[in-house]
Amino acid sequence: MESAREPADERSERRHRDSFGISEGCESCSEESSSSCSSDDSDEDSSPLPTTLPIIHTNGQVYTYPDGKAGMATCEMCGMVGVRDAFYSKTKRFCSVSCSRSYSSNSKKASIMARLQGKPPTKKAKVLQKQPLMAKLAAYSQNQNNQQSQVKTKAAVPLDSFDWGNYIGSGDLMGAPVSCFKHVPMGTSWDDITEGIRVEVLNSDSSLPMKVYWIASIIKLAGFKALLRYEGFDSDSGQDFWSNLCVPDIHAVGWCASGGKPLVPPKSIQHKVTNWKAFLVKRLTGAKTLPSDFSTKVQESMQFPFKKLMRVEVVDKAHLCRTRVALVQQVIGGRLRLVYEESQDGSDDFWCHMYSPLIHTIGWSRSIGHRFKRSDVAKKLDGQVDAPGQLFAKVKDVDQSGEWFKDGMKLEAIDPLNLSAICVATVRKVLADGYLMIGIDGSEAADGSDWFCYHGTSPSIFPAGFCEINSIELTPPRGYTKLPFRWFDYLRETSSVAAPVKLFNKDVPNHGFVPGMKLEAVDLMEPRLVCVATVTRIVHRLLRIHFDGWEDEYDQWVDCESPDLYPVGWCQLTGYQLQPPAMQASRDLTAGVPKQRKKSQQYKGQKKIAALQLKDEAAKADDFSFRQSSSNSTDGFFVKQEP
C-alpha cells in the first residue's frame, strides 16, 4: 500500500512545484496566490505533468511553460497562435470546441483557403480548462484594462507626454502618497502598498518573440508611480524603471501561474544564477505582494456616477455671485466638463471635479437664496436628466439659530480670483444652510456682482488675525494706505466687528502632506489645466501649491482635501492631459507677452511695503478672541507656525 501511495505523493508534489510556472515560491508571497496555484489540475482533459519541463532554451538556461509541452501551438482550423495548454483537447490541435467541430464540416475548406491567402484568423484561442478563480479574474481584469486603455488613447490630447520618472528620479524628490487623496481611484485602498512589495511585470530585457514576465520589487513610491527593480539585480540600479502600478501590465505574484504566463529572468543576468527556481523560492518566501483583487479594485474605483447630459447648477465663471444650469459633456477621472445650457456651440464650458463645492443639484440656488441666472432654453434635449442629489459633496450641518455669522462681519478669505492671496473680506449676506456671500474689501462692485459663496465651514475662510499669527502675507483692501495693515485699527476705522473665532472650521485632518512633495494640481485660474506642482508650505490644513517652472506669484492656497489635487500618475491613469513644468527658456522667449495661465480677472492688491511687525498688542486687542491663550483648546488651531 505504501508503494501504491508513493506515485500519488510524487504527482502532488510535482503539481505543487510546477503551478508557479518556474518555481513554487508564489505560495510564500500571499495566501491568495497559494490558494490558486494548486488547482490547475482539476480539468478532466489535462494530462499529468511530467517531472521535467524543458521548453525554452536561451543562453544555456532552461525555462518552461506550465503544461510542460511544446509551449506554443497553432489552431489547425483558424490559424490562431496561442499558449498550448490553453488549447482544446489532449491533442491541442484546436483553440476551441467550435474549431474542433468545424474542422470536419463544410467550412474546413473555406477556412484553409483563407489561411493560404494570408487572411487573418477570425477567432481568439479560448481557455476551456476549468480555471482557478484567480485566472478568471485575471482574464476579466486584463480585458477590462485593455478596453479602458483604448478609451484613454482616444481621449488623450496628442501632446508630448511628461515623464514623471525622469523628473523625480531616484533621488530625494518625493511624490505625495495616494492615500493623501481620498477622492481619487484607490485613494482609500492604498495604505497596504509599500516599498518592498513584489509584483509581476513585463520583462523588457528579453529576446523571446512573445510577452514574458519577471518578478520586480518596489524601490520607491511616488503617487501611483513606482520605481521597480527586477529580482536578481540586487543593489544594481542600472536597470531600474518607473511604472504606474495601476496599469494592466502590473500584477500580484502568482498571476503568471494562474494565467499560464511564462516567467523568464532578464537576459542580462541569466548567467548569475544556475537555479532560478530555487532563487525565487528563497527571495519570495515571506515577501508581500499586491492584493489578489487589486486590478478589480482599480477598475471599480474608475467608475464615476456622473453621466453625460446630466444637469447641474454651477457657478457662473463670468459672474461669481450667481449660478447657472450646465450639462455634463465629459467625465475624465471624476473631473467634469460642464457646458452652460445656453451655449449654442458648446464652447462656453467650465471644468471642475464632481466633488467640487462649485456644483450643486438643480434647485439648490432657490433653496438657499443664492442668485441664479435663468436659462432661455425652453426645451430639454433628449437624454437630459437632473443629477441626483446624492452625487454631490455634502457639507456639515450647522445651527444658524444660535451664534452665527452676521452681515458686515469681517474675516480673512482666499480670493477666488487670485488664489495666491488671502484678503481682508466681509460677510455681505447670510444665506440658508450655512452658506455666506463674501466680498473682498476695496474691490467690490456696487451691485455685488463679484461676491462669492463659501460655506460657513469652508477651509477657505479664516478669522481676523489668522495670517499675522501664521506669518502669511495678508492682502489689504485696495487703496488702503495705513500700512502695515493692523486689524485693530481697521475695525475701528470701519466701525466693524470681526467674526468670532469659534464659528470657523478648526478641524485639521492627518492629511499626510509635507513640504516638497510632488503632485498634479489643477490651475484653478484655468481649471481645464492639470499641472506638475509642488507643496511648498503647510499651515494647518492649508497647502501652498507651486506650479513647477512658474514664478511664485502663480502659487495657490488650496485645502488639503481639495478635489483639485491629484497624486503623481493620476493623469496617466485617467487619460487626462498633464501640463509639464514651464521651462526657463520658454519663459525668456515669451517675456513681455501674456502668461500661459491667464488671470484676467485677478486683483493682486497692493504689494507689501514693509515686513509684518509682530508686536504684542494684546492690550489693544481685547475684542479679538483669536488672541486668547493657547491653553484654550478651542483656539489650538491658531498656534503660530514657522514660515
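All chains use their own residue numbering, which begins from 1 and follows the written sequence. Only residues with pLDDT of 70 or above have their local features reported here, since the model is predicted, and side-chain atom pairs are shown and tallied only from 80 upward, although totals for entire chains, interfaces and linings are computed over all residues. To obtain the side-chain values, all non-hydrogen atoms of the structure were used and water was disregarded.

By the naming in an unreviewed UniProt entry, the protein goes by FCS-type domain-containing protein and is assigned to Pygocentrus nattereri. UniProt positions are given in the numbering used here, feature names are shortened, and annotations may be inferred rather than shown by experiment. What UniProt records for the protein under Subcellular location (unreviewed entry) is the sentence "Nucleus".

(A) Region of interest: the nonpolar core. Throughout, nonpolar core names a set of buried Ala, Val, Leu, Ile, Met, Phe, Trp, Tyr and Cys residues whose side chains join them through atoms within 4.5 Å. For the exposure calls, accessible area comes from a 1.4 Å probe over protein chains only, and a residue counts as buried if that area is under 20% of its type's maximum, exposed if over 50%, partly exposed in between. Ranked by internal contacts, the top residues of the largest apolar core, which has 75 residues, are W190, F224, F513 and I545. When checking whether two residues touch, look at their non-hydrogen atoms; a contact exists if any pair is within 4.5 Å. Every residue in contact with F513, bar those within four places of it in the chain, is listed here: A176, C180, F181, V535, I538, L543 and C560.

(B) Representation of the packing of aromatic side chains within the structure. Aromatic contacts are taken between Phe, Tyr and Trp rings whose centres are within 6.5 Å, Trp giving its six-membered ring; a plane angle under 30 degrees counts as stacked, one over 60 as edge-to-face, and the others as tilted. According to the stated counting rule, one finds 26 aromatic pairs in the structure shown. Arranged with centres 5.4 Å apart and planes meeting at 85 degrees, the rings of Y480 and Y490 form a pair that is edge-to-face. In this pair, Y480 is assigned in the loop between strand 23 (474-475) and helix 13 (487-494) and Y490 in helix 13, connecting sequence segments 10 residues apart. Accessibility classification places Y480 together with Y490 in one group, the buried group. Relative to Y490, the ring of F485 lies with its centre 5.2 Å away and its plane at 55 degrees, an arrangement referred to as tilted. When sorted by exposure, F485 lands in the same class as Y490, which is buried. Taken together, the ring pairs connect W351, Y566, W570 and Y576 into an aromatic cluster. Cation placement over rings: the criterion is NZ of Lys or CZ of Arg within 6 Å of the ring centroid and within 35° of the ring normal. We note R324 situated over the ring of Y340; from NZ or CZ to the ring centre the distance is 4.1 Å. A run of DSSP states H or I qualifies as a helix once it reaches four residues; a run of E qualifies as a strand once it reaches two. Both are numbered from the N-terminal end.

(C) Looking closely at the pairing of strand 13 (residues 335-340). The buried count for strand 13 comes to six of six residues, which makes it a mostly enclosed element. The alternating pattern of strand 13 places R335, R337 and V339 and L336, L338 and Y340 on opposite faces, both of which are buried. Strands are labelled as partners when DSSP assigns at least two bridges between them. As paired elements, strand 12 (residues 319-332) and strand 13 share six bridges and run antiparallel to each other. Residue pairing across strands places L327 opposite V339, the latter belonging to strand 13. Between strand 12 and strand 13, which pair antiparallel one after the other, the connecting turn spans two residues, and G333 there sits at a positive phi close to 60 degrees. For strand 13 and strand 14 (residues 349-353), the ladder comprises five bridges, and the chain directions are antiparallel. Across the sheet, residue R337 finds its bridge partner in strand 14, namely W351.

(D) Region of the structure containing the pattern of salt bridges. Put simply, a salt bridge is a Lys or Arg side-chain nitrogen that is within 4 Å of an Asp or Glu carboxyl oxygen. Inspection of the entire model under this criterion finds 24 salt bridges. Here D348 and R324 are joined by a salt bridge, their closest N and O atoms 3.6 Å apart. Placement of the pair is D348 in the loop between strand 13 and strand 14 and R324 in strand 12, with a sequence separation of 24 residues. On the accessibility criterion, D348 (26% relative accessible area) is partly exposed. D489 is paired through a salt bridge with R492; the nearest N and O atoms lie 3.2 Å apart. Here the residue D489 and the residue R492 both occupy positions in helix 13, the gap between them amounting to three residues, near one helical turn. Taking relative accessible area as the criterion, R492 reaches 54% and is therefore assigned exposed.

(E) Spotlight on unusual backbone geometry. Residues L483 and P484 are joined by a peptide bond in cis, for which omega reads 0 degrees. Looking at the secondary structure, you find P484 in the loop between strand 23 and helix 13. Positioned with a positive phi, D234 is a non-glycine residue whose angle comes to about 50 degrees. By secondary structure assignment, the location of D234 is in the loop between strand 8 (225-230) and strand 9 (241-244). A positive phi angle is found at S471, which is not glycine, with a value near 55 degrees. Accessibility expressed as a relative area gives 24% for S471, which makes it partly exposed.

(F) A look at helix 10 (residues 294-301). Listing the buried residues of helix 10 in full gives F294, S295, V298 and Q299. Angularly, the buried residues of helix 10 cover 135 degrees about the axis, an arc narrow enough to put them on a single face. Read the arc as the range of directions from the helix axis to the C-beta atoms.

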